[in-house]
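Next come the chains, spelled out residue by residue.
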Amino acid sequence: MGNSATLRRRLPTYTTVDADLVKTMRPARRPYYLALLCLAAVAAWGGYAWSVQLRTGLGVAGISSPVGWGFYITTFVFWVGIAHSGTLISAVLFLFRVRWRAAIYRSAEAVTVFAVMTAGLFPLIHLGRPWVAYWLMPYKQMGGLFPNFRSPLVWDVFAVSTYFTVSALFFFTGMVPDLAIVRDRSQGWREKVYGFLAQGWQGTNLQWKHYTAAYVFLAGLATPLVISVHSIVSWDFAMSINPGWHTAIFPPYFVAGAIHSGLAMVATIVIPMRRLFGLETFITREHLASMAKFMIMTGMVLGYSYCVEFFIAWYSNNPYERDLFFYRAFGDYAWALWLLVGCNVLAPSLFFIQRVRYSTPWLIGISLLVNVGMFYERFVIIVTSLGRSFDPFMWSVYVPRWPEVSILAGSLAFFFLLFLLFAKVFPVVSMWEVKELLPLPSKEHRA
Amino acid sequence: MDKNRRDFLKILGIGSAAGMAGCSKSAPDALVPYVVPPEEMVRGNALWFRTTCRECPAGCGLEARVREGRVHKVEGNPEHPVNGGGVCARGQAAVQGLYNPDRLRTPLVRDKGGKLQPASWEEAEKAAQEGLARAGAVTVVSGAVRGALEDLIRTWVGPARHITYEPVAYEAIREANRRVFGIGSLPVLRFAEAKLIVLFGADVLETYISPVGYARGIAEARRKGARLVYAGPRLSLTAARADEWIPGDERQIARTYQPPAQEGFLAVAGNDPVTAQAVNLLNQRAGAINRTVRFDRESALDGATSRLEVSGAVVVVDTNPAYSAPHSLDQARFVVCLSPFQTETTEAAHVVFPIHTPLESWGDYEPWTGIHCLQQPAMTPVFDTREAGDVIIRLGNLKAPVFREYLKERWRKLHPQDFDAFWAESLMRGGWWREVPERKAAQVLRPPEPVAAPAEPGLRLITYPSLSHFDGRSANRAWLQELPDPVTQVVWDSWVEIHPEDAARHGIRTGNRVRVTTGSGSIETAAYVYRGIQPGNIAIPLGQGHTHYGRYASGVGANAFGLAQGPAAIQLLSRTRDLVAVGGSDLQHGREIARATTRPPSGGSPPPEKQEELSLYPPHSHDQYRWGMAIDLDACTACGACIVACYAENNIPVAGKERVAAGRIMSWIRLERFFGQGSRPAEPLQMDWTLMLCQQCDNAPCEAVCPVYAAYHNKEGLNGQIYNRCVGTRYCANNCPYRARRFNWFQYERPAPEDWQLNPDVTVRTKGVMEKCTFCIQRIVEAKDRARRENRRLADGDVTPACAQSCPAQAIVFGNLDDPASRVARAARQERAYRVFEELNTRPAVTYLERERRRV
Amino acid sequence: MTGHSVIGFFAGYESLVAAVKGALEGRCGEIRTISPIPLPEVNELLGARPSPVRRFTLAGALTGFLVGWALTIGSAQHYPIIVGGKPLLSLTPFGVVAYICTILFGSLFTVAGMLLNARLPRIQVGRGYDPRLTGNRFGLQVICSEQEVEAIKRRLLDYGAEEVKYVEV
């Protein structure tokens, strides 16, 4: 793709790679701490809202009968979706030997891990009795009872926790050689801490041999996870009976949407990060343009999926489906539907224009729109199908209340808080993999 | 239920209840069920006491279920001639009167400063006697209490000074009967024998005279093919139940209606002089008099009046004229009020005595001549209250023993021979009903027509007693406030019904605040705009708008009693929309949830063989029983009795207005009311409804998705919900196509002593847990235990869920679907049978029978 | 037991490769390279057997597969409850769980395999470890007897090492 060529033109060396990338972990200045404080405050407010909900009951939120799932599940699926892009970039692109993944994959994988962590809060938040949430764990309880493995929610437990485990392992394992670099450039207690985290990594050929083998297999195992985890989350809806939910298109639809939103979130994070840390040498416009091209593809897939959904609803002649999709397009939430179509399909189409692809303001703007659009996509799916189901007597509209908005904001703050902490504590770009892309040092070409 | 055993227990129960009630004042230590129970009380087994409902003048017979000395629920007395086992919603809510947290707990005396202060019984009696003596001759105002209490009152003040005040007294009908037939009495209506029933503004299925009995009669008539027509300006619930609604002024229609030449005609008039006289002549022409309209028995309402103005010394016994007849007590110099609750009348009184609610009282009531209903306490009094009769005895210094003895003596006069056995039998039966000699209405005078008020321009106001609150006396029951009105689906409020054309002229939309002004006053309430009322008419239900009636009724809705029926004006006040009505869409959109058919019944031939549903999975195997339910939508009158019965039986919490507005009403069975079958309402407006509850599906979509097996299918075909296993993911509720599941969004508290009403056989759910109809599994288990002890299987009719038991029209049938001879299995095989959303392959256990719109 | 080794620091890749080949020919004892990036070519020179980590992965995947089926089928049979009319052994949903367990156990076993084989984590980095080896230098460590130390040092310098160092192991 010419990215190695780009690197070659600028030509960092092994030394500059280390220097440039380790200095992201220098002690921070005041704006950083201010940002941390603000995010922590918002996250704490979200926590307070949750505590009110725990004490009083889920009734403080806007969810009700028949719309029993609202913002919380929307946000859960939103975060799980965002988590997929990281694994796509780290694992899938690795297996396909796409070279430009090297510079951004660490941040993308961090996005994955933190998004899954954030997502994992929401099953607890939306439960009526979260203090017994551990009953969903597969162990023998109450005299021989296990969870109901036929339920998509139990598949969620397995899928999301496996995803978290594998992503975290992949993330951390990939970081070990870099932590060794950091260890080797630190003193005092920092050296001890990073030394501990680096597990005594030296870089001997044997270590590299087993390491790269494990890396390949982990990537190979993580790849089916990208497809399956969000398929399983989509089955929370597809395995139910509601019109608009009960459809076989959901697994690919959701996976494409997940990658779409994940790429957007990675772009949203990586673009300011590269400016603030001065990483333009490593995360070049080519990287961003490649991500943009990827987003064109996922956006097209989504656009096609929307069309198929509507077409099949009409073609099926099923009165419930027809009525629901008509409602989605022209009913109480029509504004959300058209918003999401604009944000998810039309906005990324602008990336066809080369100037747009290479312009950071456009990239950030469109990524933000995609994030908003993907949130509303899940919202529209959940709330319209529940609020406009089989029995017209039970049709209803959902209005979120302050706990839900607070917890959504809190989750965003929590996510960014984690990422900010990560950015200062761990290397945000994978140094050893960037080095791998560089030409091998030779006598003429000093390292 | 095994008859002998029940009777045996009852006799013993009577003994102890009598003993307990008799020494209620002196020996509270006689009531200690937990340590030293009375002989017949076995912990875990219920005792049943038969008594009489006094929530309205109909006088239905009740059976009160008592566990460990507390009443939990009332059911209908199947042997009673008035209601035959059914109980209306207000009757079911009688327990909420008994355990109302705002009951008066001490006597009150108004002090020098004008405030009511708590006082002892002695102080209050002294103050009352002195005050009455000073204020002149005593007038006693009571509701319809024909029986021992009426005799006692008349012993004290004489018949002339006893006013029977009922806000709804049907004077116009009685007067028309007097003018035409010479008998100034309400007629006995034999609906069961009628083939064509024409109602002229008479809401016989709601509050009219004896609605439970009438619902039964009409259901029976319809099963035999009767047709029902309603003429009137309002699509009342009764009109919606009819095969045809003739919209218009019923007074005009009654005058010109031509009855068909057939047997079994019955016309009924609303409480209007023109209509009543026209209907009398109509009935006479059609040969209904002395057949379906009879005058053998006189009603307890015959001496009642709805207009009240008293002065001097007044004793008000358990009625509320200050609310329903404003200014009636203005001239009174000294008012003594006997009431269980704080009311507007107690607020106007000088001395207030707290009395028992009917479930704690001795007494009798004769709703119709010869039907002597007996009342006995089902438990010792909850608070320090007394019998109304005992208070009167002391107020009047009467030479009578305690009221209980007075009652017994009166009955001894009724039946002197073998009195003790007679008394015990009457208590067991719930009363004594005897045949009365026939009294035919012979003369048919043709008096001049009453002058109808000239038709004024503008709107005609109709006020009608509401289904939930009647004349306001039931408004302080939370269940009834939460019960959605079947037509408007409004809760915790009152409204004025107005046609869209009239509303558009004033810029009014549903929910806006409006002011209705008549010559005698004005009120502010919310508007409900729909086609169920003719243009030129507006209608307001009575019963809300209390100012002092406990926490559930005070400040709720508007009091329409001050408005005179007749010309009125309406004015938009504000566009706020705070009218809370449950229900999403008013239309079925062709989804066949509440099916109605106009095809005539083909006479019992079985329906064509339905194609067996294909399934990937093996069919269920059932143990001995497969429980199922059949709901006959042609019999259902949408009265809501089943809903309130379910609240009482299953400890369902009341959510309150705000939470209901947010969609959190907790009822397990709900009435779904639609205006027609399709996507547009019919013209004139038609209402179809169904009862939606958990369908206990064989292929329940809710069970497979619960992550913790809190929802599962048991061997008898029930969809079980294990409360203490539920973690509250709400996936089950999302996956139910019938949306039958309810979630506990809050921890609902019940103010004492409402928690005494809780059924000990049913778990009280905590917040975060899902609940739904269980087909009253506690009753199934109880019946199975009994059958096992008696070494037999359950027979059809051994198990009756609360909803089925309460239905006045017996529209709900429950039983074993695997037994082809059971009523429910036979119902499921009928031509009219269908299941809701059958194409989803949920295989529900609830079968519905289509409603029929018969050609008239 | 102390052994002796020499580490040569190379700035250029070709010199490292030459040195490795030379060391192999010279049969100087155990040879290790230490580098900031993986060197597959060198790895190939130093030993062709593929990493045994793949066996761990396979074992883990199989274990997970079996655990998934055993858990779901066993729990359904242990406490049989009918839900939604579905058969007691609902193999399709159980398959989803088995699939996830396959991946989970496969990943865990892979990481375990890597740690075991690479002999990580180590408490200490190792004596004589030089930080430049994760930075911009390649290292070649030859373990030999005490007598050969000087000879090896010279040979490494001949091949183009910037620096040589004696390190105890």
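Structure shown above.
Each residue is numbered by its place in its chain's sequence as written, counting from 1. Working convention: letters from A go to chains and numbers from 1 go to ligands, in the order in which they are written. Local features in this predicted model are restricted to residues whose pLDDT is 70 or higher, and side-chain atom pairs enter the listing and the counts only when it is 80 or higher, whereas totals over whole chains, interfaces and linings include all residues. For side-chain calculations, the full set of non-hydrogen atoms in the structure is used, while hydrogens and water are omitted.

Caption draft 1: Layout of the overall build of chain A. Segments assigned H or I by DSSP are reported as helices when at least four residues long, segments assigned E as strands when at least two residues long, and all are numbered from the N terminus. Along its length, chain A carries 16 helices and zero strands. Its C-alpha atoms give chain A principal-axis dimensions of about 80 × 55 × 40 Å. With 447 residues in all, chain A has 66% of them scored as buried. Exposed residues in this analysis have more than 50% of their type's maximum accessible area, buried residues have under 20%, and partly exposed residues fall in between, with area computed by a 1.4 Å probe over protein chains only.

Caption draft 2: Region of the structure containing the nonpolar core. Definition used in this section: a nonpolar core is a set of buried Ala, Val, Leu, Ile, Met, Phe, Trp, Tyr and Cys residues joined via side-chain atoms within 4.5 Å. With 381 residues, the main nonpolar core has V71, F200, V204, Y208 and F775 of chain B as its most contacted residues. The greatest single-element share of this core, amounting to 17 residues, is contributed by helix α6 (residues 152-184) of chain A. Not counting residues within four places of it along the chain, the set of residues in contact with V204 of chain B comprises F191, L199, P211, Y214, I218, T238 and V268 of chain B. The next biggest cluster of nonpolar side chains, apart from the first, holds 42 residues, and it includes L395, L398, F403 and W423 of chain B. Here, two residues are considered to be in contact whenever any of their heavy atoms come within 4.5 Å of each other.

Caption draft 3: Geometry of the interface of chain A and chain C. Taken together, the 57 residues of chain A in the interface contact 66 residues of chain C. Here chain A packs against chain C, burying approximately 5300 Å² in sum over the two surfaces, 69% of which is carbon and sulfur. Pairs of N or O atoms within 3.5 Å make up the polar contacts considered here, provided that, within protein, one atom can donate a hydrogen while the other can accept it, and that residues adjacent in sequence are counted only when both atoms are side-chain atoms. If you look at where chain A meets chain C, you find 13 residue pairs in polar contact (both at pLDDT 80 or more). For the side of chain A that touches chain C, the elements supplying multiple residues, two or more each, are α2 (14-22), α6, α8 (205-238) and α16 (431-437) of chain A. Ranked by residue count, the leading element in the side of chain A that touches chain C is α8 of chain A, at 17 residues. When residues are sorted by character, Ala, Val, Leu, Ile, Met, Phe, Trp, Tyr, Cys and Pro go into the nonpolar class, Asp, Glu, Lys and Arg into the charged class, and all the rest, Gly among them, into the polar class. When the residues that make up the side of chain A that touches chain C are grouped by side-chain class, the tally is 29 nonpolar, 18 polar and 10 charged. Here's the idea: put two parts together, see how much 1.4 Å probe accessible area each one loses, and the total over both is what we call buried area.

Caption draft 4: Broad picture of the sheet that holds strand β18 (residues 363-365) of chain B. Residues and elements named next belong to chain B. One requirement defines pairing of two strands: DSSP has to find at least two bridges between them. If you walk across this open sheet you meet the three strands as β18-β19-β20, and the pairing is antiparallel. In this open sheet, the two strands that pair with only one neighbour each are β18 and β20 (431-433). Here the strands of the sheet are splayed against their neighbours by 15° on average, with no regard to which way each runs. Bridging between β18 and strand β19 (residues 371-375) involves three bridges; their strand directions are antiparallel. Following the sheet pairing, D364 is matched in β19 by L374. What counts as an axis is a line fitted to C-alpha atoms, over the stretch in contact for a helix, and the angles between N-to-C directions run from 0 to 180 degrees.

Caption draft 5: Looking closely at the interface of chain A and chain B. On the chain B side, the residues contacting the 54 residues of chain A number 55 residues. Summed over both sides, the interface between chain A and chain B buries roughly 4200 Å², with carbon and sulfur atoms accounting for 56% of that surface. A pair is scored as a salt bridge if a Lys or Arg side-chain nitrogen falls within 4 Å of a carboxyl oxygen belonging to Asp or Glu. At the junction of chain A and chain B, the tally comes to two salt bridges. A salt bridge links R591 of chain B to D323 of chain A, with the shortest nitrogen-to-oxygen separation between them at 3.3 Å.

Caption draft 6: Quick look at the environment of G81 of chain A. Residue and element names in this part refer to chain A. Position of G81 relative to the elements: it lies in helix α4 (residues 71-95). In this structure the C-alpha to C-alpha distance between G81 and A119, which are 38 residues apart in sequence, comes to 9.2 Å. Those residues in contact with G81 that sit more than four places away from it in its chain are H230, A258, S261, G262 and R378.

Caption draft 7: Structural detail: the packing of aromatic side chains. Residue and element names in this part refer to chain A. Whether two aromatic rings pair depends on their centres lying within 6.5 Å, for rings of Phe, Tyr and Trp, where Trp uses its six-membered ring; planes under 30 degrees apart make the pair stacked, over 60 edge-to-face, and the rest tilted. In the structure shown here, the tally under the stated rule is 82 aromatic pairs over all chains. Seen from their ring centres, Y320 and F390 are 4.8 Å apart, and the 70° between their planes marks the pair as edge-to-face. Placement of the pair is Y320 in helix α11 (residues 319-330) and F390 in the loop between α14 (360-387) and α15 (402-425), with a sequence separation of 70 residues. Take Y320 and F390: they sit in the same class, and that class is buried. Ring geometry for F326 versus F330: centroids 5.0 Å apart, planes at 55°, classification tilted. In this pair, F326 and F330 are both assigned in helix α11, four residues apart and thus about one turn of the helix distant. You can call F326 exposed: its relative accessible area is 54%.

Caption draft 8: Region of interest: the pairing of strand β9 (residues 196-200) of chain B. Residue and element names in this part refer to chain B. Judged by how many residues are buried, β9 sits mostly within the fold: five of five residues are covered. Burial along β9 is two-sided: L196, V198 and F200 and I197 and L199, pointing in opposite directions, are all buried. Handedness rule for crossovers: strands pointing away from the viewer, path from the first strand over the helix to the second running clockwise, crossover right-handed. With respect to chirality, the unit in which β9 leads through helix α7 (residues 211-223) into the neighbouring parallel strand β10 (residues 227-232) is right-handed.

Caption draft 9: Molecular detail of unusual backbone geometry. A cis amide bond links S65 of chain A to the next residue, P66 of chain A, at an omega of 5°. A cis amide bond links L120 of chain C with the next residue in sequence, P121 of chain C, at an omega value of -10°. Tracing the backbone through its elements, the reader meets P121 of chain C in the loop between α4 (91-118) and β3 (138-144). A positive phi angle is found at D318 of chain B, which is not glycine, with a value near 55°. Assignment of secondary structure puts D318 of chain B in the loop between β15 (312-317) and α11 (321-324). What makes D318 of chain B partly exposed here is its relative accessible area of 43%. With a phi angle near 50°, C776 of chain B is a residue other than glycine that sits in the positive phi range. Mapped onto the fold, C776 of chain B is located in the loop between β34 (770-771) and α22 (777-789). C776 of chain B sits in the buried class, given a relative accessible area of 6%.

Caption draft 10: Main features of the sheet that holds strand β26 (residues 566-574) of chain B. All names here are of chain B. One closed barrel accounts for six strands, arranged β21-β25-β22-β24-β23-β26; its pairing is mixed. Averaged over all adjacent pairs, the angle separating strand axes in this sheet is 45°, with direction ignored. By the bridge criterion, six bridges tie strand β23 (residues 513-518) to strand β24 (residues 521-529) in an arrangement that is antiparallel. Of the residues in β24, the one forming a bridge with V514 is T525.

Caption draft 11: How the structure looks around the environment of E754 of chain B. All names here are of chain B. Assignment of secondary structure puts E754 in the loop between β33 (742-743) and β34. Given the relative accessible area of 11%, E754 is considered buried. For the pair formed by E754 and P101, sequence separation is 653 residues and the distance between their alpha carbons is 6.6 Å. Once residues within four sequence positions are removed from consideration, E754 is found in contact with Q96, Y99, P101 and Y552.

Caption draft 12: Up close: the pattern of salt bridges. Residue and element names in this part refer to chain B. This structure, assessed with the given rule, holds 79 salt bridges over all chains. Among the salt bridges present, the one from R515 reaches E524, with a minimum N-O distance of 2.8 Å. With a shortest N-O distance of 3.5 Å, R832 and E852 are connected by a salt bridge. With R832 in the loop between α24 (823-828) and β36 (833-834) and E852 in strand β38 (residues 851-852), this residue pair connects regions lying 20 residues apart in the sequence. By the burial criterion, R832 is buried, and E852 matches it. In this structure, a network of salt bridges that share partners links the residues R222, R241, D243, D632, D634, R832, E852 and R854.

Caption draft 13: Broad picture of the packing of helix α5 (residues 101-126) of chain A against α15 of chain A. Residues and elements named next belong to chain A. In contact at an axis separation of 10 Å, α5 and α15 are set at 145° when each is read in the N-to-C sense. Helix-helix and strand crossings are classified by hand; for α5 and α15 the assignment is right-handed. In this structure, α5 contributes R106, S107, A110, V111, F114, A115, M117, T118, L121, F122 and I125 to the contact, and α15 contributes I407, S411, F414, F415, L418, F419 and F422. Considered class by class, the residues forming the contact of α5 with α15 number 14 nonpolar, three polar and one charged. For any helix crossing, the convention is left-handed if the near helix is rotated counterclockwise from the far helix by under a right angle, and right-handed if that rotation is clockwise.

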